[in-house]
Amino acid sequence: MEWIEGNDMMERKEMDNQLHTKVSHDQVDKQHYGAVTIPIYQNSLFTFENHETFDQAMQDVLAANVYSRGNNPTVKYLESKIAELECGEQSRCFASGMAAIAGTLHALLSSGDHVICVDQAYGPTREFLNEMSERYQVEVTYVDGSLLSDFEDAVQPNTKIIYVESPTSGLFQLQDLEGIAELAKKTGIITMIDGSWATPCFQRPLTMGIDLVLHSMTKFFSGHSDCLGGVVTGSAALISKIENKGYMLLGGIMTAHTASLMIRGLRTLPLRMERHQKSGMIIAEYLEKHPMVNRVNHPALRSHPQHELAQKQLDGYSSLFSFESKLPVAVMKQWADALHYFRIAVSWGGYESLVTVNTTPERRNPDGTNPSVARLYIGMEDPYTLIDDMERAWKLVKAY
Ligand code: PLP
């Protein structure tokens, strides 16, 4: 592929094959009569033969199967699969991406701690941090994050967590993960990343020294826009801190039924990501040459200001990106309305292509106005059909 210049394609291919194998292969499950996939443990509690074994289990409820708010074998299986993909020791799955993010932050932060967070992080994540700041005296500093010095300059003696999201999901800005991890390790700061955009297929932050990687599993892991979930992965020591306070006590856990849907999604995750990458790039390249477009925010493009960093820390590119236009928002919304194959909606990661239009206060046109930004999510449809759709909508808007 022309876009992936300078990378060792053989190495990439080997990694891809490993991922395909990891998500597809399991040992024969003798405990479940050889069932090819783990059954759904649709039970809230586990019973014991006698009080002695019950008392033993109650000494450490998170080490035994006692209650499904702590452990459930279907969820546990999914967690072990994700930990393997992330090259991490342990994972914990939650009811949603926000439950994973909020539960993790809540478990690790105390009043008086300081957090450095990228200013383009997912809105509700920032809202949660702002709540922590107002109600529990947690200090928060927001940084642009495209330069390592943004983090260096913000570090304080009480900095507990550096929270990044790379790439971000509006303007697709990256942060230097290895640099941040190195900086944080010097003073024992915990690093967390929202890696929902890339999935472990295209980015494994733990191998770059980041401590915790989180995902909204609602997106690519599920892949079918039919369930919500979240996950955090890291060392056993950090996960054990999170699982008591952030998981079991807050109770935002993943159910066995949702886990089974996620396991089904996981089987095809690498395959789907390959397709998303290819289609997304075809459409990003088309848009880059389009007269209505000023700039395409897609890290795979050479025109992306952090393309070199993207090549270094990403193994591939997903299909959520945005483009900026000089046309007024109202006109861009007409363009979106005229699209036949793109649905107008929040979220991403499913089979269906999506579009939303907004303005961005972060950028300025030469006349001082803010450009309009269309965020596109490219689903499973034929990319050339989607291009024809965009051309047709453009002709309608132009004529108007
Ligand atoms: N992180 C990012 C980048 C997101 O876009 C979202 C949701 O849109 C979340 C986290 C939260 O995930 P969920 O909706 O599963 O709670």
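As a starting point, this report considers the structure included with it. (Residues numbered from 1 in each chain as written. Predicted model: local features only at pLDDT ≥ 70, side-chain atom pairs only at ≥ 80, totals over all residues. Heavy atoms only, no water.)

A count of helices and strands for the chain gives 14 helices and 12 strands. Rg of the C-alpha trace for the chain: 22 Å, near the compact-globule value of 21 Å for 400 residues, within the 12% margin. Viewed in the frame of its principal axes, the chain has a C-alpha envelope of about 80 × 50 × 40 Å. With 400 residues in all, the chain has 55% of them scored as buried. For the chain, contacts bridging at least 24 residues in sequence account for 72% of all contacts bridging at least 6. Only carbon and sulfur atoms are counted for the fraction: they give 53% of the accessible area of the chain, which is about 18100 Å². (Helix = DSSP H or I, 4+ residues; strand = E, 2+ residues; numbered from the N terminus. Rg over C-alpha atoms; globule rule 2.2 N^0.38 Å. Buried < 20%, exposed > 50% of the residue type's maximum accessible area, 1.4 Å probe, protein only. Contact = heavy atoms within 4.5 Å. Areas by Shrake-Rupley, 256 points an atom, 1.4 Å probe, with all protein chains shown as cover.)

Turning to the site of the ligand, a few remarks are in order. Around the ligand, the structure places 14 residues, and the nearest of them are Gly97, Met98, Asp194, Thr218 and Lys219. At a separation of 3.4 Å, an oxygen atom of the ligand approaches a polar side-chain atom of Tyr122. The side chain of Ser216 places a nitrogen or oxygen atom 2.9 Å from an oxygen atom of the ligand. Notes on the ligand: free accessible area 390 Å², of which the protein chains cover 90%. (Near = heavy atom within 4 Å. Polar contact = N/O pair within 3.5 Å; in protein donor to acceptor, adjacent residues only side chain to side chain.)

If you check helix α5 (residues 123-136), its first and last C-alpha atoms are 19 Å apart, about what 14 residues at 1.5 Å a residue would give, namely 20 Å. For α5, the complete set of buried residues consists of Thr125, Phe128, Leu129 and Met132. Down the axis of α5, the smallest arc covering the buried residues is 95 degrees, so these residues share one side. Across from the buried face of α5, at angles greater than 90 degrees, the exposed residues are Glu127, Glu134 and Arg135. Residues of α5 that are buried sit in contact with α4 (97-108), β2 (114-118), β3 (139-143) and β4 (159-165). Just beyond α5, the residue with positive phi is Gln137, at close to 55 degrees. (Expected span 1.5 Å × (residues − 1). Arc of directions from axis to C-beta.)

Right, let's get into the packing of aromatic side chains. One pass over the full model with this rule turns up five aromatic pairs. Their ring planes at 55 degrees and their centres at 5.9 Å tell us that Phe220 and Tyr377 sit as a pair that is tilted. Of the two residues, Phe220 sits in the loop between β6 (212-216) and β7 (230-234) while Tyr377 sits in strand β12 (residues 372-377), which places them 157 residues apart along the sequence. Look at Tyr377 and you get buried, because its relative accessible area is 1%. (Phe/Tyr/Trp six-rings, centres within 6.5 Å; stacked < 30°, edge-to-face > 60°.)

Here we take up the nonpolar core. Residues Leu78, Leu105, Phe151, Ile161, Ile162, Leu212 and Met217 are the most contacted members of the largest nonpolar core, which totals 83 residues. No other element matches α4, which puts seven residues into this core. Formed jointly, this core draws a minimum of three residues from each of two domains, domain 1 (22-267) and domain 2 (269-397). With residues up to four places along the chain from it excluded, the contact list for Ile162 reads Ile116, Phe151, Ile180, Leu183, Ala184, Ile189, Ile190, Thr191 and Met192. (Core = buried A, V, L, I, M, F, W, Y, C linked by side-chain atoms within 4.5 Å. Domains from an automatic or database assignment.)

Quick look at the side chain of Glu79 now. Looking at the secondary structure, you find Glu79 in helix α3 (residues 73-86). Residue Glu79 is classed as buried on the basis of its relative accessible area, which comes to 3%. For Glu79, the residues in contact, after removing those within four places along its chain, are Ser91, Arg92, Cys93 and Tyr247.

Following the criterion strictly, the structure yields 13 salt bridges and no others. Note that Asp389 is salt-bridged to Arg392, the shortest N-O span being 2.7 Å. Of this pair, Asp389 and Arg392 both sit in helix α14 (residues 383-399), three residues apart, which is roughly one turn of the helix. Judged by its relative accessible area of 2%, Asp389 is buried. Arg392 sits in the partly exposed class, given a relative accessible area of 38%. (Salt bridge = Lys/Arg side-chain N within 4 Å of Asp/Glu carboxyl O.)

Okay, the packing of α4 against α5 next. Between α4 and α5, the shortest axis-to-axis distance is 10 Å and the interhelical angle comes to 30 degrees. Considered as vectors, α4 and α5 are oriented roughly parallel to each other. When you trace α4 past α5, the crossing you get is right-handed. Taking contact as the criterion, the partners of Met98, Ile101, Ala102, Leu105 and His106 in α4 are, on α5, Pro124, Thr125, Phe128, Leu129 and Met132. When grouped by side-chain class, the residues that make up the contact of α4 with α5 number eight nonpolar, two polar and no charged. (Axes fitted to C-alpha atoms, helices over the stretch in contact; angles between N-to-C directions. Parallel < 35°, antiparallel > 145°, perpendicular 65-115°, else oblique. Left-handed = near helix turned anticlockwise from the far one by under 90°. Nonpolar A, V, L, I, M, F, W, Y, C, P; charged D, E, K, R; others polar.)

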